[in-house]
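# Structural characterization, general
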Amino acid sequence: MVFKMKKTLKMPHTYALLLILVAFACVMTYIIPAGIYDRENVDGRKQVVNDSYHHVAQQPVSPIEIFRAVPTGLVEAGEIVFYIFLVGGAFGIIHRTGAINAGVGAMMEKVGKKGNMLIPVTMIVFSILGFSIGLSEEAIVFVPIGILLAKALGYDAMVGTAMIILGSGIGFLGGMINLFTVGIAQKIAEIPLFSGIIFRTIVYLIVLLTGILYVLNYAKKVKKDKNHSLIAADMRAANDARFEEQIKGIEAFTLRHALILLCLAVAVIFNVYGIFKFEWFLMQMSANFLIMGIIAGLIGGLGLNGTFDALIEGMKDILYGAIIVGFARAIVLVLESGKIIDTIVHHMTAVIDHLPAVFSVIAMFVTQLFLNFFIPSGSGQAMTTMPIMVPVSDLLGVNRQLAVLAFQYGDAISNNIIPTSASLMGALAVARIPYTTWIKFVWKIVTIWAVICIGAMIIYMNI
């Protein structure tokens, strides 16, 4: 008997990949010449002094620091880490009450009866959830509802999946009040929280419009002729009982659910008001979301013990995203300890310094687009890349807000197409749509969004 061993290329776990990068950074401290820029305080923030780069004595980092950097990174990023835990816990309470699932489910069913309103309204609602509370993996639960409603209107499973996944993806791209991406990136860049919100809103509306028109156009073609569907004929004929079974757990929408959603909306609005009026940040917002979660749990009938059980459950669910921030910070810590982060910045700027500023911004965007494949966590990617991109933007004379936009757009756009995105692959698994089929559907709109975002950054640079 001959045994054949199959070798499969498997993507390393994100934590493993980040630890490898920490080790790589450690090795680089022995190879890359150490050097630093002088820094000065400008308008309350530290800024690199141009033409001040100079070499210093080599300071290689000991291999043991590879592992010490992780807990140190968690401590240094503690405010962000515990914000993620507390907000995740608060939303865990909301999730346990079933309010969001019941509310969105009821909305989709009601709108679905109106036919032509299903796609635009659903995409708008999910985009709002995306830019406000950072809805991502949670959107997966609504895919079966979307598919059943879409097929009832003569569309296919692709339409039902796209209006939910692309809807929440558009919200992430807008990111106007998304603390997990824009908020963290702006904190690192030392610029006011949610500054540039008007510009982001304009870009969001353009992207939302193009996304809705794209899905509507595909849906119209499928309804007119099923041969235009990208879903295979045998899959279109598949029994939808499995989808009906998956949505049985969604409760009917009640007054109690309405009060919980009102509580959530008030908390979000209250936080946004506090940010702009009183310059609140993570500590104040963590407290406010915790208060909101406890009130929502009591309204939802969870009781005191049940509410805090749900809080812990929510923290468990967000553990991956919270701890990844510490791992990401560890990379920067090693680069800083070895005094090579400024050397990297110096050489990066030397390469693109003589290029037009437009190409510098595009290079930042493409870099973030590429890195999201390996670090699909938005907060983790911000912690890894922004400490380098901020001084690069300073030296190139590029507004720091553009560095944040490049991160935000690169991260959000690629989430809709990369196979390392948990929310995307989870939704496709539920919908039973092959990844290659999804690529055929989505590549055009992803390209359109990339062009829109690059154009937006160029416009911002000039105004």
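Residues numbered from 1 in each chain as written. Predicted model: local features only at pLDDT ≥ 70, side-chain atom pairs only at ≥ 80, totals over all residues. Heavy atoms only, no water.

## Looking at the overall build of the chain
In terms of regular secondary structure, the chain is built from 20 helices and four strands. The C-alpha radius of gyration of the chain comes to 23 Å, within 12% of the 23 Å expected for a compact globule of 463 residues. In terms of overall dimensions, the chain has C-alpha extents of about 70 × 65 × 55 Å along its principal axes. Every one of the 463 residues in the chain was classed for burial, and the buried ones make up 54%. (Helix = DSSP H or I, 4+ residues; strand = E, 2+ residues; numbered from the N terminus. Rg over C-alpha atoms; globule rule 2.2 N^0.38 Å. Buried < 20%, exposed > 50% of the residue type's maximum accessible area, 1.4 Å probe, protein only.)

## Some words on unusual backbone geometry
Despite not being glycine, E279 has its phi angle at roughly 60°, a positive value. Among the secondary structure elements, E279 is positioned in the loop between helix 12 (255-278) and helix 13 (282-299). One non-glycine residue, K339, adopts positive backbone phi at about 55°. Here K339 lies in the loop between helix 14 (303-337) and helix 15 (341-352). Judged by relative accessible area, which is 31%, K339 ranks as partly exposed.

## A word on the UniProt feature "transmembrane region" (unreviewed entry) in the chain
The sites that carry the UniProt feature "transmembrane region" (unreviewed entry) are, in the present numbering, residues 80-104, 162-185, 197-216, 258-276, 282-306, 318-335, 355-375 and 441-461. Counting secondary structure, residues 282-306 comes out at 88% helix and 0% strand; the distance between its end C-alpha atoms is 26 Å. (UniProt positions renumbered as here; feature names shortened; annotations may be inferred.)

## Remarks on the pairing of strand 2 (residues 39-42)
As paired elements, strand 2 and strand 3 (residues 45-48) share four bridges and run antiparallel to each other. Bridge pairing in strand 3 links R39 to V48. (Pairing = 2+ DSSP bridges.)

## Observations regarding the nonpolar core
Counting residues in hydrophobic clusters, the biggest one holds 155 residues, and the most contacted among them are Y83, M108, L166, Y409, W438 and F441. Examining the composition of this core, we find that 14 residues originate from one element, helix 14, more than from any other. Ignoring any residue separated from it by four or fewer positions in sequence, one finds Y83 in contact with L179, F180, L282, M285, S286 and F289. (Core = buried A, V, L, I, M, F, W, Y, C linked by side-chain atoms within 4.5 Å. Contact = heavy atoms within 4.5 Å.)

## Comments concerning the packing of helix 4 (residues 99-112) against helix 6 (residues 143-152)
With their axes 10 Å apart at the nearest point, helix 4 and helix 6 run at an angle of 5° to one another. Considered as vectors, helix 4 and helix 6 are oriented roughly parallel to each other. From helix 4, G105, M108, E109 and G112 reach across to helix 6, where they touch I145, G146 and L149. Split into classes, the residues belonging to the contact of helix 4 with helix 6 amount to three nonpolar, three polar and one charged. (Axes fitted to C-alpha atoms, helices over the stretch in contact; angles between N-to-C directions. Parallel < 35°, antiparallel > 145°, perpendicular 65-115°, else oblique. Nonpolar A, V, L, I, M, F, W, Y, C, P; charged D, E, K, R; others polar.)

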